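Listed here are the chains, written in short residue letters.
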Amino acid sequence: MTIPSSIEAPLPKGVTDFLPEKADEIACIEGCISRIFELWGFRRIITPLLEFQDVISLGMGEDLKEKTFRFDDRQTGRLLAIPPDITPQIARIVATRMLGYPLPLRIYYNGRVLRHAEVQSGRSREIFQSGVELIGLNSPEADAEMVAMAVEALRSLGLDNFKIDLGQVDFFRGIMLSSGLSASARNLLQSAIAKKDSSAVREILEKAPITDQAKEEIAALPRLYGGREVLALAEKAAGNDRSKKALENIAEVLEILDIYGVSEFLTIDLGEIRGLDYHSGLTFEGFVGGLGEAVCGGGRYDALTAKYGRPAPATGFAFNILALLKVLEKQPEMEATRTRDFLLFNLKEDRREALEIAQNLRDKGFTTARDIIRRDFDNSLAYAKRMNIRQMLVIGGNYCAEDEIYLVRVADRKGVAIKKTDLLRDDYSLKIEL
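Residues numbered from 1 in each chain as written. Predicted model: local features only at pLDDT ≥ 70, side-chain atom pairs only at ≥ 80, totals over all residues. Heavy atoms only, no water.

1. Examining the sheet that holds strand S15 (residues 389-395)
Strands sit in the order S14-S13-S15-S16-S17 across an open sheet of five strands; the sheet is mixed. Each end of this open sheet is capped by a strand with a single partner; those strands are strand S14 (368-370) and strand S17 (415-419). The sheet shows a mean angle of 30° between the axes of neighbouring strands, direction not considered. Across six bridges, strand S13 (residues 340-346) lies against S15 in parallel orientation. Residue pairing in the sheet places Phe345 in a bridge with Val394 of S15. (Pairing = 2+ DSSP bridges. Helix = DSSP H or I, 4+ residues; strand = E, 2+ residues; numbered from the N terminus. Axes fitted to C-alpha atoms, helices over the stretch in contact; angles between N-to-C directions.)

2. A word on the pattern of salt bridges
Taken as a whole and judged by the stated rule, the model has 24 salt bridges. Measuring nitrogen to oxygen at the nearest pair gives 2.5 Å for the salt bridge that ties Arg386 to Glu21. With Arg386 in helix H14 (residues 377-386) and Glu21 in helix H1 (residues 20-39), the pair connects residues that are 365 residues apart, well separated along the chain. On the accessibility criterion, Arg386 (53% relative accessible area) is exposed. Residue Glu21 is classed as partly exposed on the basis of its relative accessible area of 33%. (Salt bridge = Lys/Arg side-chain N within 4 Å of Asp/Glu carboxyl O. Buried < 20%, exposed > 50% of the residue type's maximum accessible area, 1.4 Å probe, protein only.)

3. Comments concerning the nonpolar core
Core analysis: the largest hydrophobic core is formed by 77 residues, its most contacted members being Ile164, Phe171, Ile218, Phe317, Phe319 and Leu324. Here the element with the most residues in this core is helix H5 (residues 140-156); it accounts for ten residues. Dropping the residues within four chain positions of it, Leu324 is found in contact with Ile29, Ile33, Leu154, Leu157, Leu159, Val295 and Phe319. With 25 residues, the next largest nonpolar core counts Leu105, Tyr278, Ala312 and Ala314 among its residues. (Core = buried A, V, L, I, M, F, W, Y, C linked by side-chain atoms within 4.5 Å. Contact = heavy atoms within 4.5 Å.)

4. Regarding the packing of aromatic side chains
Under the counting rule described, the total for this entry stands at twelve aromatic pairs. Where Phe37 meets Phe317, the ring centres are 6.1 Å apart and the plane angle is 80°; that geometry is what we call edge-to-face. With Phe37 in helix H1 and Phe317 in strand S12 (residues 314-320), this residue pair connects regions lying 280 residues apart in the sequence. Classification of Phe317 as buried rests on a relative accessible area of 2%. Three or more aromatic residues joined by ring pairs make a cluster, and in this case those are Phe37, Tyr108, Phe284, Phe317 and Phe319. Taking NZ or CZ as reference, Arg78 lies 3.7 Å from the ring centre of Phe52, over its face. Here the guanidinium or amino end of Arg375 rests over the ring plane of Tyr383, the centre of that ring lying 4.4 Å away. (Phe/Tyr/Trp six-rings, centres within 6.5 Å; stacked < 30°, edge-to-face > 60°. Lys NZ or Arg CZ within 6 Å of the ring centre and 35° of its normal.)

5. Considerations on the sheet that holds strand S4 (residues 79-82)
Taken in spatial order, the three strands of this open sheet run S2-S4-S3, and their pairing is antiparallel. Of all the strands in the sheet, the pair left with one neighbour each is strand S2 (51-52) and strand S3 (69-72).

6. Comments concerning H1
Each full turn of the α-helix corresponds to 3.6 residues, which orients residues three or four apart in the same direction. Its 20 residues give H1 an end-to-end C-alpha distance of 28 Å, which sits within 8% of 28 Å, the value for a rise of 1.5 Å per residue. Looking at H1, one finds that the buried residues are Asp24, Glu25, Ile26, Ile29, Glu30, Ile33, Ser34, Ile36 and Phe37. Residues of H1 that are buried in the fold lie against strand S5 (105-114), strand S6 (126-135), H5, S12, helix H12 (321-329) and S13. The first or second residue beyond H1 is Gly41, which carries a positive phi of 90°. (Expected span 1.5 Å × (residues − 1).)

7. Describing the packing of H1 against H5
Running from N to C, H1 and H5 cross one another at 140°; their axes reach a closest spacing of 9 Å. Put simply, H1 runs oblique to H5. By crossing handedness, the relation of H1 to H5 is classed as right-handed. Between H1 and H5, the contacting residues are Cys32, Ile33, Ile36 and Phe37 on the first element and Met149, Glu152, Ala153 and Ser156 on the second. Split into classes, the residues belonging to the contact of H1 with H5 amount to six nonpolar, one polar and one charged. (Parallel < 35°, antiparallel > 145°, perpendicular 65-115°, else oblique. Left-handed = near helix turned anticlockwise from the far one by under 90°. Nonpolar A, V, L, I, M, F, W, Y, C, P; charged D, E, K, R; others polar.)

Right, dumping it as structure tokens:
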């Protein structure tokens, strides 16, 4: 038999193959987050991988439009797009397909999006998202629910060294729009403030034909970061009604989050403006110590569904699953991979008993694989370890009596003979002392 030589099969930059170990970890993270979403009353929705470009672009700002993959549809001649973000898809579905559903709508999703990224940046073009959207409620309690749920999900993954940065885009917009700055100057300042570059902010303001008070308000933005004392400082800096209402909104949200008991994980960052174009109120991002990118982010977007014909207030956020994967890889003490329960190693010529035992275990909810390849004990055990299987069951041979089965813990090779009748009991547990 001729074995073909390996061939080069490169992938486009910015995408990755995820082999079983990593795929297990991703599924584990997604499953844990989805469980939290469901506990909070959210129902899953599945969005398509393709949209018509002119339709999906209604819900996207210029930043997302520039990152969208587009190509021609041979069937219709129209331009298709691979969505760079799932929230505009949810807005379209809610506005056009879910008119018969009463508000509020609690929706969650797991999906992948593609975004153009600079080759030199090393960023992934493919983003795994798990997120929620709460449609139909315009209240601080709805905003607080998103933040509290993000904290609960991160804690359920075993994390505690994280912070949720709260922002309010209306605070920033109120100051900028009341300043009298030109659009070009506002754009330059927005970039400098996002980078917390105070010297660049001052340089731009020196040339700006605006009042000293307006300059002071803008110059304060990069410094408005920290605990609740930031709100008092921001109140002194804000000279317009829009910004003052934004501060009142954050204060109300914080009061509710106190009730949830998550305040220790919160910081306030009123200079944080790196949100998507459609955000309209309270925003937030989650950061884990040791990782320079956000693991989650979102906020209020009250004007988005109206672009598809159904005005409704809304808020939501999404986890970046691959960012969370990086976190878990840096913390080996955290178990983020999915283990399998049993590998059946059959030493008998007859396979009937092994197949019946395997099916019985599966009926009880245990993951069970058969080692169909003929090999010795050590090689089967090595296979189980490589495949992340917890225990191996040996049927036949000299390891136990005829009415017994030999149970081996793969991690340390410790084994014990147990009665087959015990294994097949309805209340059998994997927690056996070896």
